[in-house]
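# Structural characterization, general
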Amino acid sequence: MPVHPSLNHYENSLSNGLKYYYDSINLHRLIRPINRLDKDTSGIVAFAKNEYIQSRLKAYTKEYIAIVVGKLEGKGIIDKPIKRKADSIIERCVSNRGEKAITEYEVIKNFNIGGEDLTEVKCILHTGRTHQIRVHMAYIGHPILGDSLYGKPSNLIDRQALHAYRIKFVHPITKKEIEIVSKPISRVLFKVIIYLGYVLLHTSCHQIKEMTSSLSLLVSVLLQMGFTRLDVSPHLR
């Protein structure tokens, strides 16, 4: 879902939903997003309740989980400027004439689905350029799975496999560090969605009907993705 209204999504955005909620409680305020996500990126979006708080929340940490194509190893920092591509109003590219863009990444796990090497990666943004993680990962030869703009579509997932799972900032008034983290199951389900995409592609309708226990299937999928029973059980209670 888009964060704010745009040409093709004038009414069905997250900001529209928040405005509806404000109206329902008779709260007359402007919509003030602290961070934004691409339309097909999932995860945390924060909004400020007034102009002062929005203006003071300039320094904060944003962490993402991505599934990238190929076998990436180790960790690193991609320090490459990004600009809008000359012949596009949407696509960005690495260019020496672009704005400074820094992405820090660290490999969490390598895995393989149906003969395709994939890597789960944690990415930390040190700048906030449009499509930054997507552009940088494609630049180093590991585009995000399902990213049709900077890589190619995937039968395993119908969007880019990118999830904003943590943001941290210092509260402008209390000066306390605030950390917002998406539920742990978000990362688990992220990989399950991808694996189930593979399962459904290679399973006949008759076989699917014979899968009588959804819970058993879920546990089986998680174990094949490398999660231990200790990893799985807290999220299934």
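Computed from a predicted model, the values in this text were never measured in an experiment.

Below, the discussion takes up the side chain of His 163. Secondary-structure assignment places His 163 in strand β10 (residues 162-170). Separated by 3.3 Å, the side chains of His 163 and Ser 182 make a polar contact.

Structurally, Arg 92 is set in strand β7 (residues 92-94). In this structure, Arg 92 is buried with no salt-bridge partner, the nearest side chain bearing the opposite charge being Glu 99 at 7.5 Å. Excluding residues that lie within four positions of it along the chain, Arg 92 makes contacts with Ile 82, Lys 83, Arg 84, Lys 85, Thr 130, Val 135 and Tyr 150.

Another point: the layout of surface pockets. What the second largest pocket holds in volume is close to 220 Å³. Along the walls of the second largest pocket sit 15 residues, with Ala 46, Phe 47, Ala 48, Leu 57 and Phe 169 positioned nearest its centre. When grouped by side-chain class, the residues that make up the lining of the second largest pocket number 12 nonpolar, two polar and one charged.

Relative to strand β8 (residues 102-113), strand β5 (residues 75-79) is paired through five bridges, and the arrangement is antiparallel. In the sheet register, Asp 79 faces β8, and the bridge partner there is Ile 102. As defined by bridge partners, β8 adjoins strand β9 (residues 116-125) across 10 bridges and the pair is classed as antiparallel. Bridging from a neighbouring strand, Glu 104 pairs with Ile 124 of β9. In this antiparallel pair of consecutive strands, β8 and β9, the connection spans two residues, and Gly 114 shows a positive phi of 55 degrees.

Attention now goes to the pattern of salt bridges. The final tally for this structure, using the stated rule, is six salt bridges. Of the charged contacts, one joins Arg 166 and Glu 63 as a salt bridge, the two residues approaching to 3.3 Å between their closest N and O atoms. Linking Arg 166 in strand β10 with Glu 63 in strand β4 (residues 60-69), this pair joins segments that are 103 residues apart in sequence. A relative accessible area of 23% means that Arg 166 is categorised as partly exposed.

Let's shift gears to the pairing of β10. Here two bridges tie strand β2 (residues 42-43) to β10, and the two strands are oriented parallel to one another. In the strand pairing of β10, Gly 43 is matched with Ala 164. As paired elements, β10 and strand β11 (residues 177-181) share five bridges and run antiparallel to each other. In the sheet register, Val 170 faces β11, and the bridge partner there is Glu 177. Taking the residues that link successive antiparallel strands as the turn, the β10-β11 hairpin has six residues, and the phi of Lys 175 there is positive, at about 65 degrees.

Moving on, we come to the nonpolar core. Generally speaking, a soluble globular protein has its nonpolar side chains buried in company with each other. Ranked by internal contacts, the top residues of the largest apolar core, which has 24 residues, are Tyr 64 and Ile 133. Those elements giving two or more residues to this core turn out to be β4, β8, β9, α3 (132-139) and β10. The residues touching Tyr 64, leaving out its near neighbours within four places in the chain, are Arg 36, Leu 37, Thr 41, Val 121, Lys 122, Cys 123, Leu 125, Ile 133, Leu 162, His 163, Ala 164 and Tyr 165.

Moving on: α3. Within α3, six of the eight residues are buried, which leaves it mostly tucked inside the rest of the structure. Those residues of α3 not exposed but buried are Gln 132, Ile 133, Arg 134, Val 135, His 136 and Met 137. Of the residues one or two after α3, Gly 141 is the one with positive phi, at around 90 degrees.

Looking at where Arg 32 falls in the secondary structure, it is placed in strand β1 (residues 32-33). Here the alpha-carbon distance between Arg 32 and Ala 48, two residues 16 residues apart in the chain, equals 5.4 Å. Beyond its immediate chain neighbours, meaning those up to four positions away, Arg 32 contacts Ala 46, Phe 47, Ala 48, Asn 50, Glu 51 and Gln 54.

If you check the backbone angles, Asn 26 has positive phi at about 60 degrees while not being a glycine. With respect to the helices and strands, Asn 26 occurs in the loop between α1 (14-24) and β1. In the Ramachandran plot, Lys 175 falls in the positive-phi region, its phi being about 65 degrees despite a non-glycine side chain. Among the secondary structure elements, Lys 175 is positioned in the loop between β10 and β11.

For the protein, mean pLDDT is 77; residues scoring 70 or higher make up 69% of the total. Note on residues 211-215: pLDDT under 50 across the span, and four contacts to partners over four residues away in sequence or across chains. Across residues 228-237, where pLDDT falls below 50, the model places 12 contacts with residues more than four positions away in sequence or in other chains.

The rules we used
- Residues numbered from 1 in each chain as written.
- Predicted model: local features only at pLDDT ≥ 70, side-chain atom pairs only at ≥ 80, totals over all residues.
- Heavy atoms only, no water.
- Helix = DSSP H or I, 4+ residues; strand = E, 2+ residues; numbered from the N terminus.
- Polar contact = N/O pair within 3.5 Å; in protein donor to acceptor, adjacent residues only side chain to side chain.
- Buried < 20%, exposed > 50% of the residue type's maximum accessible area, 1.4 Å probe, protein only.
- Lys, Arg positive; Asp, Glu negative; His and termini not counted.
- Salt bridge = Lys/Arg side-chain N within 4 Å of Asp/Glu carboxyl O.
- Contact = heavy atoms within 4.5 Å.
- 1 Å grid on protein atoms, 1.4 Å probe; cavity = no way out; pocket = protein on both sides within 12 Å on 5 of 7 lines; lining within 4 Å.
- Points joined across faces, edges and corners; volume = space filled by probe spheres on them.
- Nonpolar A, V, L, I, M, F, W, Y, C, P; charged D, E, K, R; others polar.
- Pairing = 2+ DSSP bridges.
- Core = buried A, V, L, I, M, F, W, Y, C linked by side-chain atoms within 4.5 Å.
- pLDDT = per-residue confidence, 0-100.

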